[in-house]
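Survey of secondary and tertiary structure
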Amino acid sequence: MEDLESIIMELLVNAGSARSQALTALQLARKGDFDGAEKAMEESHEYVKHAHKIQTQLIGLDEGSGKLPVNLITVHSQDHLMNAMVIQDLAGDMIELYRRLPLVK
């Protein structure tokens with residue numbers, strides 16, 4: 001098994017990338033580039049999927065019994081993942097709203 005810190009950092013990086021791609025999708029939609037926005041959202045979802053897989057791995061290692069140490073970086077990575085997922089949900093709705101509005105230049 002990789003060392004725990006590396007696993008947690010991988011979770012953090014994937015969650016951060018998911019957040020960034022969702023926000024990029026919003027920027028693209030605001031400019032009327034809905035194909036680009038869709039692609040960015042797909043990438044965001046792939047990053048979350050990978051992060052969630054890591055999170056599941058960590059939960060399995062812990063077995064619900066506190067076997068894994070909980071430190072600030074662990075909490076920070078979980079916070080990033082949850083924020084990325086919330087931003088994805090909101091970005092999806094906002095992109096749909098942008099589709100319905102006339103493009104303002």
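Numbering of residues starts from 1 in each chain and follows the order in which that chain's sequence is written. The model is predicted, so local features are restricted to residues of pLDDT at least 70 and side-chain atom pairs to those at 80 or more, both for listing and for counting; the totals for chains, interfaces and linings are taken over all residues. Side-chain numbers come from the whole structure's heavy atoms, not from hydrogens or water.

**Considerations on the packing of helix α2 (residues 34–62) against helix α3 (residues 72–100)**
Across the interface, α2 lies against α3 with an axial gap of 11 Å and an inter-helix angle of 160°. Comparing the axis directions of α2 and α3 gives the class roughly antiparallel. Our pair here, α2 against α3, has a crossing hand that is left-handed. Contact residues: F34, A37, E38, M41, S44, H45, V48, A51 and Q55 in α2; Q78, L81, A84, M85, Q88, A91, G92, I95, Y98 and R99 in α3. Polar here means any residue outside two lists: the nonpolar Ala, Val, Leu, Ile, Met, Phe, Trp, Tyr, Cys and Pro, and the charged Asp, Glu, Lys and Arg; Gly therefore counts as polar. When its residues are assigned to classes, the contact of α2 with α3 shows 11 nonpolar, six polar and two charged. To obtain an axis, a line is fitted to C-alpha atoms, over the contacting stretch when the element is a helix, and the angle between two such axes runs from 0 to 180 degrees between their N-to-C directions. A run of H or I in DSSP counts as a helix once it spans at least four residues, and a run of E counts as a strand once it spans at least two, with each numbered from the N terminus. Oblique is the label for every angle not falling under 35 degrees (roughly parallel), over 145 degrees (roughly antiparallel), or within 65 to 115 degrees (roughly perpendicular). Take the far helix as your reference; a near helix turned counterclockwise from it by less than a right angle gives a left-handed crossing, and one turned clockwise gives a right-handed crossing. A contact between two residues is defined here by any heavy atoms of the two lying within 4.5 Å.

**Structural notes on the pattern of salt bridges**
The term salt bridge refers to a side-chain nitrogen of Lys or Arg lying within 4 Å of a carboxyl oxygen of Asp or Glu. Inspection of every chain in the model, using the stated rule, returns five salt bridges. The salt bridge involving K39 is made with E43; its shortest N-O contact spans 2.8 Å. Here K39 and its partner E43 are both found in helix α2, four residues apart, which amounts to about one turn of the helix. E43 sits in the partly exposed class, given a relative accessible area of 29%. Per-residue accessibility, obtained with a 1.4 Å probe over protein chains only, is compared with the maximum for each type, and a residue is labelled buried under 20%, exposed over 50%, and partly exposed between these values.

**Brief notes about the UniProt feature "modified residue: Phosphohistidine" (unreviewed entry) in the protein**
UniProt positions are given in the numbering used here, feature names are shortened, and annotations may be inferred rather than shown by experiment. This chain's UniProt record puts "modified residue: Phosphohistidine" (unreviewed entry) on H76. With respect to the helices and strands, H76 occurs in helix α3. Exposure remark for H76: the relative accessible area of 34% places this residue in the partly exposed category.

**Quick notes on the side chain of Q21**
By the secondary structure assignment, Q21 is in helix α1 (residues 4–30). The term polar contact refers here to a pair of N or O atoms within 3.5 Å; inside protein, the definition further demands a hydrogen-donor-capable atom paired with an acceptor-capable atom, and it admits residues adjacent in sequence only when both atoms are side-chain atoms. At 2.7 Å, the side chain of Q21 forms a polar contact with the side chain of E43. Apart from residues no more than four positions distant in its own chain, Q21 is found in contact with A40, E43, S44 and Y47.

**Some points on the side chain of Q88**
Mapping Q88 onto the fold places it in helix α3. Overall, the relative accessible area of 6% leaves Q88 in the buried class. Here the side chain of Q88 touches H45 through a polar contact of 3.5 Å, side chain to side chain. Dropping the residues within four chain positions of it, Q88 is found in contact with A22, M41, S44, H45 and V48.

**With respect to the packing of α1 against α3**
Remark: α1 packs on α3, axes separated minimally by 8 Å, with the N-to-C direction vectors making an angle of 20°. The pairing of α1 with α3 is recorded here as roughly parallel in orientation. Pair α1 / α3 crosses with left-handed handedness. For the contact of α1 with α3, the per-class residue count stands at 19 nonpolar, seven polar and two charged.

**Examining α3**
The terminal C-alpha atoms of α3 lie 42 Å apart, and with 29 residues this matches the ideal 42 Å at 1.5 Å per residue to within 8%. For α3, the complete set of buried residues consists of T74, S77, L81, A84, I87, Q88, A91 and I95. Those residues of α3 that are buried lie in contact with α1 and α2. For a helix, the expected span equals 1.5 Å multiplied by the residue count minus one.

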